[in-house]
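The primary structure of each chain is shown beneath.
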Amino acid sequence: MRPKSWKPWALLSPALSAVFLLLVVPVCFIVVYSFWLRSPTGADIVAFQFGNYTKFFADFFYPSILLRTIRVSLESVVLCLVMGYIPAYFFYRSETRFKAVLLLLIMLPFWISFIIRTMSWINILGDTGLINHYLIKFGFLSKPLGMLYNEGSVLMGLIQYLLPFMILNIYVSLEGIDKSLLEAARSMGCTEWQAFKEVTLPLSLPGVSAGCLLVFVLTAGTYLPPMILGGPKNEMIANMIFKRVIGTLDWPFGSAISVILLGLLLIIVWTYNRYLGINQIFKSLQGE
Amino acid sequence: MPKVTGWSLIRIYTILVYVFMFAPIVVVIVLSFNPQQFGSFPLKGFSLRWFVKLAQNETILIAFKNSLILGSLTAVVSTAIGIMASMAFVRYNFPGKNTLNTLLLAPIMIPEVILGVALLLFIRWLQQPKSFALLVIGHVVLTLPYVLLIVQARLGGIKKEYEEAAQSLGANALQTFKEVTLPLLTPAILAGMLFSFTISFDDITATLFWATAQNQTVPVKIFGMLRNSISPEINALGTVMIVLTIATPLLAGYLSRKLSRDR
């Protein structure tokens, strides 16, 4: 064949330079900026000091937001897993001819405006929203339940956003299981439940763990649901970054918080990749 | 029979998950036709007044125009870059291939807030103002990994042999590309553009960092409107966006099927 080793590089160069210039270099800038100083007038001063980091850990305010971010991320992982595994299993085992349509439907929210979907939980959970209105109308309640602006409502928004990712990851993994393994287990005398527990469940774990990682990472960096559906007590780390950078224009401190968030995610992704391998995640996203 | 009950529980559970997923979407649509002054229950009949009011709202129309232009530009640039890179990954073997592929997909795992701050900081260092161009390049970075994933999956099915056959039959490089490669690529191109358009049109978090009052997109505009409280206008706008975002892929699917049939 013709020697054309330069060709892939020519094809790759626009994508590589875009990602390098617009992602790699700017992220390095965040790291550099996080060591800078902010003068009282608001100008940034070139420096190398750890003041921004010590400020973050100086009192309990910022660390508690970091801990809350981790806690909410774990909660959303558990809830997505509980809510997502059974539908994924349903898609795997179901023999309905509407399976393709049902799968398409669960993907549909991906296409629908994130802010509209998030905002709409106010329509459902608010004081004059769907649930309160009908509970009062039918006499179950005398005054509206305060269901909004707490961690629960934030989680509602998060799960609605993240559940399809979890279901998809688990489904792709389940679909890869050779069904004859199940038949073998059944013919050897396993009950349906035993076959699930001994064969299906262990073999679906790669998808489960990929889904969990994706949900954790996406929750940890989330900005919109806590902003719209949460109160001041539900702010997460991304809200802090936005406040410092856009609100008070404190770039060095905002950068330091960004580095801390990035560091947290890096540790998690690195650990995951080391033990389980990251490519499973991309595999399931491809199916969309 | 225990097996049947188990399975029906699974079915009911799945239906409930669907209800959960679609409740917010259905409620937006229902409330957008509610003539009430406030965007909430009770339902008081059927009216199009909020859609009329929406159509008369100058700033929303401008935001729509911005979003459409931004989405289209992003789709073209991102898909062009993405197709080229995907060709490299699918067709060639070269050192560092897997590492580079992972690097290009990495933005999916990086929080948008960080992408937002990073690019803004970079622009600031270059002493450039926030502009529409910033939104476009930012959205290209956001959408590129998805284009790569989608297009690579589609490209995998196109065999090199088709092109080699054309060339052995005497077609030159340009003819081969025009007559063989391009038609085979069309579904991948359409899918990539559709994906990047939708992601760009929908993006809020990073866009909040990059947008200015002059170049607001629809989600940024909605975000601003939400500060006051939910007005019925937002529900109407939501309905319009839901219809648009469902109609676009359906239309694209129809077009691509029609295109491939005509050949």
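Positions within a chain are numbered from 1, following the residues in the order the chain's sequence is written. Naming scheme: in the order in which they are written, chains are lettered from A and ligands are numbered from 1. Only residues with pLDDT of at least 70 are given local features in this predicted model, and only at 80 or more are side-chain atom pairs given and counted; all residues enter the totals for whole chains, interfaces and linings.

Re the overall build of chain B
Then comes step 1: Along the backbone of chain B there are eleven helices and zero strands.
Then comes step 2: The helix count covers DSSP runs of H or I at least four residues long, the strand count covers runs of E at least two residues long, and both are numbered beginning at the N terminus. In chain B, the succession of helices and strands from N to C terminus is α-α-α-α-α-α-α-α-α-α-α.
Then comes step 3: Put simply, the radius of gyration uses C-alpha atoms, and a globule should come to 2.2 Å times the residue count raised to 0.38. For 263 residues, the compact-globule formula gives about 18 Å, and the C-alpha radius of gyration of chain B, at 23 Å, lies well above that figure.
Then comes step 4: Overall, chain B is about 70 × 70 × 40 Å in size when its C-alpha atoms are taken along their principal axes.
Then comes step 5: Partly exposed residues are those whose C-beta has more than 12 but fewer than 20 other C-beta atoms within 10 Å; with 20 or more the residue is buried, with 12 or fewer it is exposed, and the C-beta atoms are placed from the backbone. Of all 263 residues assigned to chain B, the portion counted as buried reaches 44%.
Then comes step 6: For chain B, contacts bridging at least 24 residues in sequence account for 78% of all contacts bridging at least 6. By definition, residue pairs are in contact when their C-beta atoms, positioned from the backbone, come within 7 Å.

Notes on the nonpolar core
Then comes step 1: For the purposes of this analysis, a nonpolar core is taken to be any set of buried Ala, Val, Leu, Ile, Met, Phe, Trp, Tyr and Cys residues that are connected through C-beta atoms within 7 Å. Judged by nonpolar contacts, the single largest core of 149 residues is most densely connected at Leu162(A), Val215(A), Val117(B) and Ala118(B).
Then comes step 2: Sort the elements by how many residues they give to this core and helix H7 (residues 151-175) of chain A lands first, with 16 residues.
Then comes step 3: With residues near it in sequence (within four places) discarded, Val117(B) still touches Ile30(A), Ile241(A), Val245(A), Gly254(A), Ser255(A), Ser258(A) and Phe209(B).

Focus on unusual backbone geometry
Then comes step 1: Unusually for a residue other than glycine, Tyr149(A) sits at a positive phi of about 60°.
Then comes step 2: Looking at the element boundaries, Tyr149(A) is found in the loop between helix H6 (130-137) and H7.
Then comes step 3: Look at Tyr149(A) and you get partly exposed, because 19 C-beta atoms sit within 10 Å.
Then comes step 4: Even without being glycine, Gln127(B) reaches a positive phi, approximately 55°.
Then comes step 5: Tracing the backbone through its elements, the reader meets Gln127(B) in the loop between helix H5 (112-125) and helix H6 (132-155).

Describing the confidence of the model for chain A
Then comes step 1: Per residue, pLDDT measures the predictor's confidence, with a range of 0 to 100. Averaged over every residue, the pLDDT of chain A is 88; the share at 70 or more is 95%.
Then comes step 2: Averaged pLDDT values for the elements of chain A fall to 66 in helix H13 (residues 279-286) of chain A and rise to 95 in helix H3 (residues 61-93) of chain A.

Focus: the interface of chain B and chain A
Then comes step 1: The interface of chain B with chain A comprises 64 residues on the first partner and 65 residues on the second.
Then comes step 2: Ranked by residues supplied to the side of chain B that touches chain A, first place goes to helix H1 (residues 2-32) of chain B with 13 residues.
Then comes step 3: When grouped by side-chain class, the residues that make up the side of chain B that touches chain A number 53 nonpolar, seven polar and four charged. Under this grouping Gly is polar, as are all residues other than the nonpolar Ala, Val, Leu, Ile, Met, Phe, Trp, Tyr, Cys and Pro and the charged Asp, Glu, Lys and Arg.

Details of helix H5 (residues 114-125) of chain A
All names here are of chain A.
Then comes step 1: By definition here, a helix of n residues has an expected span of 1.5 Å times n minus one. For H5, which comprises twelve residues, the first-to-last C-alpha distance of 17 Å matches the rise-based estimate of 16 Å (1.5 Å per residue) to within 8%.
Then comes step 2: Here H5 lies mainly inside the structure; twelve of its twelve residues are buried.
Then comes step 3: Taken residue by residue, H5 has Phe114, Ile115, Ile116, Arg117, Thr118, Met119, Ser120, Trp121, Ile122, Asn123, Ile124 and Leu125 as its buried positions.

A few points about the environment of Gly231(A)
Residues and elements named next belong to chain A.
Then comes step 1: Along the chain, the position of Gly231 falls in the loop between helix H10 (224-229) and helix H11 (237-247).
Then comes step 2: For Gly231, a count of 13 C-beta atoms within 10 Å puts it in the partly exposed group.
Then comes step 3: Residues Gly231 and Val154 lie 77 residues apart in sequence; the distance between their C-alpha atoms is 9.0 Å.
Then comes step 4: Not counting residues up to four positions away in its chain, the partners in contact with Gly231 are Tyr149 and Asn150.

Things to note about the environment of Pro129(B)
Residues and elements named next belong to chain B.
Then comes step 1: As for its placement among the helices and strands, Pro129 is situated in the loop between H5 and H6.
Then comes step 2: Taking the C-beta count within 10 Å as the criterion, Pro129 has 9 such neighbours and is therefore assigned exposed.
Then comes step 3: As for Pro129 and Thr212, which are separated by 83 residues in sequence, their C-alpha atoms are 9.9 Å apart.

Observations concerning the confidence of the model for chain B
All names here are of chain B.
Then comes step 1: Put simply, chain B has an average pLDDT of 86, and 95% of its residues get 70 or more.
Then comes step 2: Considering each helix and strand of chain B separately, the mean pLDDT is smallest for helix H11 (residues 232-262), with a value of 79, and largest for helix H9 (residues 205-210), with 94.
Then comes step 3: Two summary scores accompany this predicted model of the complex, namely pTM at 0.89 and ipTM at 0.88.

Let's talk about the environment of Ala15(A)
Then comes step 1: Along the chain, the position of Ala15(A) falls in helix H1 (residues 6-33).
Then comes step 2: You can call Ala15(A) buried: it has 27 C-beta atoms within 10 Å.
Then comes step 3: If we skip the residues at most four places from it in the chain, Ala15(A) touches Ile81(B), Gly82(B), Met84(B), Ala85(B), Leu104(B) and Leu144(B).

Some details on the packing of H7(A) against helix H9 (residues 192-220) of chain A
Residues and elements named next belong to chain A.
Then comes step 1: Running from N to C, H7 and H9 cross one another at 160°; their axes reach a closest spacing of 7 Å. The orientation of H7 relative to H9 falls into the category roughly antiparallel. Every pair of crossing elements has a handedness; the one defined by H7 and H9 is right-handed. Together, Leu158, Leu162, Phe165, Met166, Asn169, Ile170, Val172, Ser173 and Leu174 of H7 and Ser204, Pro206, Gly207, Val208, Ala210, Gly211, Leu214, Val215, Leu218 and Thr219 of H9 make up the contact between the two elements.
Then comes step 2: For the contact of H7 with H9, the per-class residue count stands at 13 nonpolar, six polar and no charged. Throughout, an axis means a line fitted to C-alpha atoms (over the contacting stretch in the case of helices), and angles, computed between N-to-C directions, take values from 0 to 180 degrees. In these notes the angle categories are as follows: under 35 degrees is roughly parallel, over 145 is roughly antiparallel, 65 to 115 is roughly perpendicular, and the rest is oblique. Two helices cross in a left-handed way if the nearer one is turned anticlockwise from the farther one by less than a right angle. They cross in a right-handed way if the turn is clockwise.

Structural notes on H11(A)
Then comes step 1: Here H11(A) lies mainly inside the structure; eight of its eleven residues are buried.
Then comes step 2: Within H11(A), the full set of buried residues consists of Ile237(A), Ala238(A), Asn239(A), Met240(A), Ile241(A), Phe242(A), Arg244(A) and Val245(A).
Then comes step 3: Lining the buried residues of H11(A) we find H3, H10 and helix H12 (251-275) of chain A together with H5 of chain B.
Then comes step 4: Two residues or fewer after H11(A) comes Leu249(A), characterised by a positive phi angle close to 55°.

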